[in-house]
Number of protein chains: 2
Amino acid sequence: MRETVPARPLNATAASLLGFLHAGPLTGWDLVATAEMVIGDFWSLTRSQVYRELAAMEAAGLVVAGEIGPRERRPYQLTDAGREAFATWLDREPGPEQIRYPLLLTMAFGEHLAPARLAAFVAAHRKAHTARLEGYEALRAEAGAGLGPFAGATLDFGIRYERAVLDWFDHLSPEVGGRSEGGAPGGPA
Amino acid sequence: MRETVPARPLNATAASLLGFLHAGPLTGWDLVATAEMVIGDFWSLTRSQVYRELAAMEAAGLVVAGEIGPRERRPYQLTDAGREAFATWLDREPGPEQIRYPLLLTMAFGEHLAPARLAAFVAAHRKAHTARLEGYEALRAEAGAGLGPFAGATLDFGIRYERAVLDWFDHLSPEVGGRSEGGAPGGPA
DNA sequence: CCTTGACAGTCCACTGTGGCATGTTAGCGT
DNA sequence: ACGCTAACATGCCACAGTGGACTGTCAAGG
């Protein structure tokens with residue numbers, strides 16, 4: 001008599017794993033890699049959690065573990081119950097986004113910090129965001145429409161977000177770590 | 001011999017509480033309210049965690065609890081050790097931001113979802129973001145420069161972010177839930 | 001006097017993060 | 001053939017963070 005846990009509603013991370021399993025059996029390792037690539041820019045997950053969710057979902061009957069292959073690879077396969085749980089999850093109202101930006105925290109307490117230090121942080125983040133934007137734009141140039149409409153739309157979100165952040169950096173007053181005039185005349189393309 | 005835990009590095013939430021305590025003693029309840037107002041838009045925290053961090057910080061000697069007042073109010077006061085821990089924390093390199101946006105997840109798996117359903121989600125989020133932007137702009141119009149440069153800069157981030165999201169919504173193709181032509185001609189101000 | 005609701009704090013289960021530990025195997029140089 | 005290394009693959013743990021349920025306090029109003 002194999003008891004399956006009553007079926008609590010899925011969390012977004014577990015549901016995403018089920019989503020990826022629609023394409024065929026995958027191991028925890030593969031799922032982490034896939035998720036990082038496909039949804040990593042707006043949904044973070046960790047190895048630890050993936051393996052934990054897989055174990056829980058197996059107990060709940062949403063996936064079944066296959067034979068252990070080479071290098072301890074343990075492929076998981078979607079069940080009908082899993083397919084249904086995923087469909088139910090996908091149909092829910094997606095909640096509001098959450099942003100956690102430590103630099104803004106630092107800035108909010110800026111009165112307690114040496115101005116030059118804050119400026120250095122801002123400069124470092126500007127650089128990082130520039131690199132991310134370039135990465136996204138290169139991806140769109142290469143892959144272009146080959147991504148399909150859905151991945152294209154999420155990529156577009158990333159591009160617009162990064163541009164907004166960069167714009168914000170560019171309009172920051174020197175008082176709060178923005179660069180003073182003469183840095184790099186002529187804004188971004 | 002009062003043992004104080006060795007001094008592990010502060011987490012951002014605990015540090016923020018110390019930051020707010022610079023203005024004078026506050027209770028957990030007050031801290032939650034303050035934090036929600038000042039940093040709530042880019043750093044989420046919950047009652048549960050605030051009380052837990054306060055207890056931990058008291059054990060570590062970073063704050064001292066005062067007398068319990070009316071309605072069980074227990075004010076916490078900053079110690080010198082707390083002031084120093086805050087300064088050290090503030091001086092660290094702020095890490096990258098994290099965004100978790102369930103709507104993008106839903107969209108990424110859009111091929112498994114009825115198009116009309118996705119469009120409804122998108123419409124609901126557009127509305128919510130419009131409201132948020134209006135709230136921010138009203139705040140800037142009312143409070144204006146009275147916020148000070150630091151709060152002004154973080155508010156500005158919020159405004160630019162919301163505008164970027166709204167722009168993204170406005171350029172979404174109908175295929176991925178964007179509204180077809182004829183919705184509301186003439187974009188946002 | 002009693003109900004209601006805002007205030008204030010506590011507790012718990014679950015989600016999420018990051019690092020450490022462990023074992024496996026392919027590839028490489030010697 | 002041997003051992004080294006690096007990538008592969010999973011598991012475990014402590015801590016951070018979330019959201020809801022729960023208890024208790026007090027002011028205001030019917």
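Residues numbered from 1 in each chain as written. Chains lettered and ligands numbered in written order. Predicted model: local features only at pLDDT ≥ 70, side-chain atom pairs only at ≥ 80, totals over all residues. Heavy atoms only, no water.

## Quick look at unusual backbone geometry
Both trends apply: most residues other than glycine have a negative phi, and most peptide bonds are in trans.
At step 1: For A:R71, which is not glycine, the phi dihedral falls at a positive 55°.
At step 2: Relative to the assigned elements, A:R71 resides in the loop between strand 2 (63-65) and strand 3 (75-78). (Helix = DSSP H or I, 4+ residues; strand = E, 2+ residues; numbered from the N terminus.)

## Digging into the interface of chain B and chain A
At step 1: With 60 residues of chain B at the contact, the number on the chain A side is 60 residues.
At step 2: Together chain B and chain A conceal approximately 6,000 Å² of surface at their shared face, both sides included; 68% is due to carbon and sulfur atoms.
At step 3: When residues of chain B are sorted by the area they lose upon contact with chain A, B:E97, B:R100 and B:F150 head the list and together hold 13% of the total.
At step 4: The interface formed by chain B and chain A holds 4 salt bridges in total.
At step 5: Residue B:R117 is joined to A:D91 by a salt bridge in which the shortest nitrogen-to-oxygen separation is 2.8 Å.
At step 6: At the boundary of chain B and chain A, one finds 22 residue pairs in polar contact (both at pLDDT 80 or more).
At step 7: Elements with a minimum of two residues in the side of chain B that touches chain A: helix 1 (12-21), helix 4 (80-90), strand 4 (98-100), helix 5 (102-108), helix 6 (115-143) and helix 7 (148-171) of chain B.
At step 8: Examining the composition of the side of chain B that touches chain A, we find that 13 residues originate from one element, helix 7 of chain B, more than from any other.
At step 9: Taken together, the residues of the side of chain B that touches chain A break down into 33 nonpolar, 14 polar and 13 charged.
At step 10: Judged from the 3 bridges that link them, strand 4 (residues 98-100) of chain A and strand 4 of chain B form a sheet pairing that is antiparallel. Each residue of the ladder has a partner; that of A:Q98, found in strand 4 of chain B, is B:R100. (Contact = heavy atoms within 4.5 Å. Buried area = accessible area lost by both parts, 1.4 Å probe. Salt bridge = Lys/Arg side-chain N within 4 Å of Asp/Glu carboxyl O. Polar contact = N/O pair within 3.5 Å; in protein donor to acceptor, adjacent residues only side chain to side chain. Nonpolar A, V, L, I, M, F, W, Y, C, P; charged D, E, K, R; others polar. Pairing = 2+ DSSP bridges.)

## Structural notes on the protein's contact with DNA strand D
At step 1: Among the 24 residues in the neighbourhood of DNA strand D, the closest are listed as A:Y51, A:R73, B:S44, B:S48 and B:Q49.
At step 2: Of what DNA strand D places within 4 Å of the protein, 67% of the atoms are sugar or phosphate.
At step 3: Measuring from a sugar or linking oxygen of DNA strand D, one finds a side-chain N or O atom of A:R71 at 3.1 Å.
At step 4: One nitrogen or oxygen atom from the side chain of B:R52 is found 3.3 Å from a base oxygen belonging to DNA strand D.
At step 5: Elements that contribute at least two residues to the surface near DNA strand D include exactly helix 2 (28-39), helix 3 (47-59) and strand 4 of chain A together with helix 3 (47-59) of chain B.
At step 6: Broken down by element, the residue count for the surface near DNA strand D peaks at 4 residues, all from helix 3 of chain B.
At step 7: Counted by class, the surface near DNA strand D contains 4 nonpolar, 10 polar and 10 charged residues. (Near = heavy atom within 4 Å.)

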